[in-house]
Amino acid sequence: MATILARCAFPIRRSEPPARRMRRSAAFSRAMYAPGNMGNESAAPTSDTDAWNPIVDPLGSDFTSNAVPAVMKGKDPQCVRFGFPKGSLQKSTEELFARAGLPVKVKDRNYFPTVEDDGLSLVLFRSQEIPRYVADGVLDAGICGRDWIVENGSDVVEVVELKYSKATSNPARWVVAVPEDSPVETAQDLEGTLIASELVHTTERFFLDRGIQGVKVEYSWGATEVKASLPGVGAIVDITETGSSLRANKLREVATILESTTRLIANKDAWKDPIKRARIEDLALLLQGAIDGKKKVGLKMNLPTASVPELSAKLPSEKSPTVSPLLDEDYCAVEVVVDEGTAKDLVPLVRRMGATGIVTYPINLSIH
């Protein structure tokens, strides 16, 4: 199953003839829909009247058909078919869903993760593909980088920006890079050269918009950093968060062509469906709350009542502690949610104010 999917679901080649593309699309449909590939449950007919019909969206959009994929069984017909990013974003996305109260289980060699939500059905796709499948209606929604929305020119609803990535919460950057000893100083110096890039269309637009002529952009199938030092290659365009990989390969940045953050996107028709839209918006709320909560901690203590005004003055202006009376009228229970850095400073401060029973705890969700 995994081998077939890897072959059929690979990103469309720029030079691929339409007839060949259609054959690969049909192969993808057969691979996704073959009864033997449906996991523990089978979509094969159980009676003469329950005929298996392979001419159906492989993810099960035709819910009037008897050939409902096993992954969709038990889900209601208006569940959101969601593209879950496979690859560099997968682990951090799994962690984000877990903090949002939606733990995801991904089995080896299985493209259909499970989640405890009957309104959500997950399918693993590479981030590069998700915008296309969402735009085409194969998926109702999904998570991907803004870079691939731009690269594919996908007409989708950008529901929310989710500031997380593989390593940091900073935007990823697609940069033009050259070897450290290259004479190239600016993008204009690359006129008439060959550029290796995975982001072909965006790279071409970058040079054309600046009137830089004669630049040929070749698609890079990986190991892009290595190609920068090959004879005949003027530069590469590669993605970086921290720049460490570029430095390790003795490359330096010449220009940034695009900054990208993770986005939750939706198909325009799905967005018009009130039930699906509500589910997508609910998911966006939980995921954004999980991102905000990751940077927060809860702080609780028993504080002398007379010290509450002093503590309130030390908190950021939008924060107000929850104060509850205790049997001992000279003390009260105080609880507040603050940034991790603020908590580090507050703990010794409230101790000097006479606080006891000081506790900090992690926050999974923080929704404003």
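1. What about the overall build of the protein chain?
Thought 1: When helices and strands are tallied, the protein chain shows twelve helices and 16 strands.
Thought 2: For the protein chain, restricting intrachain contacts to residue pairs at least 6 apart in sequence, the fraction spanning at least 24 positions comes to 69%.
Thought 3: When the accessible surface of the protein chain is totalled, it reaches about 18,900 Å², and 51% of it is carbon and sulfur.

2. Section: the pairing of strand 14 (residues 322–325)
Thought 1: Sheet topology places strand 14 next to strand 15 (residues 331–339); four bridges connect them, and they run antiparallel. Paired with S324 across the two strands is A333, which belongs to strand 15.

3. Some words on the packing of aromatic side chains
Thought 1: Taken as a whole and assessed by the stated rule, the structure comprises six aromatic pairs.
Thought 2: Ring centres 5.2 Å apart and planes at 85° place the aromatic pair F206 and F207 in the edge-to-face group.
Thought 3: On the basis of relative accessibility, which here comes to 1%, the residue F207 falls in the buried class.
Thought 4: Aromatic ring contacts, followed pair by pair, group F82, F84 and F97 into a single cluster.

4. Considering a nonpolar patch on the surface
Thought 1: Together, L285, L365 and I367 make up an exposed nonpolar region whose accessible area comes to about 240 Å².
Thought 2: By the element assignment, I367 lies in the segment after strand 16 (356–362).
Thought 3: Judged by relative accessible area, I367 falls into the partly exposed class, the value being 44%.

5. Looking at the pattern of salt bridges
Thought 1: The tally for this structure, following the rule as stated, stands at eleven salt bridges.
Thought 2: A salt bridge links D140 to R81; the nearest nitrogen and oxygen atoms lie 3.4 Å apart. Here the residue D140 occupies a position in the loop between helix 4 (130–136) and strand 5 (141–145), and R81 occupies one in strand 1 (residues 80–86), the gap between them amounting to 59 residues. For the pair shown, D140 and R81 are each scored as buried.
Thought 3: Across the pair E253 and R173 runs a salt bridge whose closest N-O atoms are separated by 2.9 Å. With a gap of 80 residues between them, E253 in strand 11 (residues 251–260) and R173 in strand 7 (residues 172–179) connect regions that are remote in the sequence.

6. Here's the deal with the sheet that holds strand 16
Strand pairs in the sheet, formed through backbone hydrogen bonds, run parallel or antiparallel to each other.
Thought 1: Strand order in this open sheet of four strands is 14-15-13-16, and the pairing throughout is antiparallel. Across the chains shown, the open sheet's two edge strands, defined by having one partner strand only, are strand 14 and strand 16. Here the average twist between neighbouring strands, direction ignored, is 15°.
Thought 2: This element, helix 12 (residues 340–352), spans strand 13 (296–304), strand 15 and strand 16 of the sheet and lies at about 155° to strand 15.

7. Looking at the sheet that holds strand 9 (residues 216–219)
Thought 1: With mixed pairing, five strands are arranged side by side in an open sheet as 9-8-10-7-11. Every interior strand has two partners, whereas the edge strands, strand 9 and strand 11, have only one. Strand-to-strand twist of the sheet, defined as the mean angle between neighbouring strand axes without regard to direction, takes the value 25°.
Thought 2: Here strand 8 (residues 194–197) runs beside strand 10 (residues 233–240); their pairing, made up of four bridges, is parallel. From the neighbouring strand, I195 faces strand 10, where its bridge partner is A235.
Thought 3: Against the sheet, helix 6 (residues 200–209) contacts strand 7, strand 8, strand 9, strand 10 and strand 11, and its axis sits at roughly 105° relative to strand 11.

8. Overview of the environment of T262
Thought 1: Within the secondary structure, T262 sits in strand 12 (residues 262–266).
Thought 2: Separated by 90 residues in sequence, T262 and A172 have C-alpha atoms that sit 9.0 Å apart.
Thought 3: Once you skip the residues sitting within four places of it in the chain, T262 turns out to touch L89, I143, C144, G145, V160, E161, L162 and Y164.

Conventions we followed
For every chain, the first residue of the written sequence is number 1, and numbering continues from 1 along that sequence. Only residues with pLDDT of 70 or above have their local features reported here, since the model is predicted, and side-chain atom pairs are shown and tallied only from 80 upward, although totals for entire chains, interfaces and linings are computed over all residues. Excluding hydrogens and water, the side-chain figures rest on all heavy atoms present in the structure. By definition, any uninterrupted DSSP run of H or I lasting at least four residues is a helix, any uninterrupted run of E lasting at least two residues is a strand, and each is numbered from the N terminus. Throughout, a residue-residue contact means that at least one pair of heavy atoms, one from each residue, lies within 4.5 Å. With residues, only the protein chains shown are counted as cover, and all accessible areas are computed by Shrake-Rupley using a 1.4 Å probe. Pairing between two strands requires that DSSP report at least two bridges joining them. Here is the rule: rings of Phe, Tyr and Trp (six-membered ring for Trp) pair when centre to centre is within 6.5 Å. Planes less than 30 degrees apart are stacked, more than 60 are edge-to-face, and the remainder are tilted. Classification of residues uses two cut-offs on accessible area relative to the type maximum, computed with a 1.4 Å probe and protein chains only: under 20% is buried, over 50% is exposed, and between them is partly exposed. Patches draw on residues past 30% relative accessible area with no salt bridge. Two like charges within 9 Å are joined, as are two nonpolar side chains (Val, Leu, Ile, Met, Phe, Trp, Tyr) within 5 Å. The term salt bridge refers to a pairing of a side-chain nitrogen on Lys or Arg with a carboxyl oxygen on Asp or Glu at a separation within 4 Å. A fitted line through C-alpha atoms represents every axis, and for helices the fit uses only the stretch in contact; the resulting angles, taken between N-to-C directions, go from 0 to 180 degrees.

Treat this as a map of the structure, not an account of what it does.
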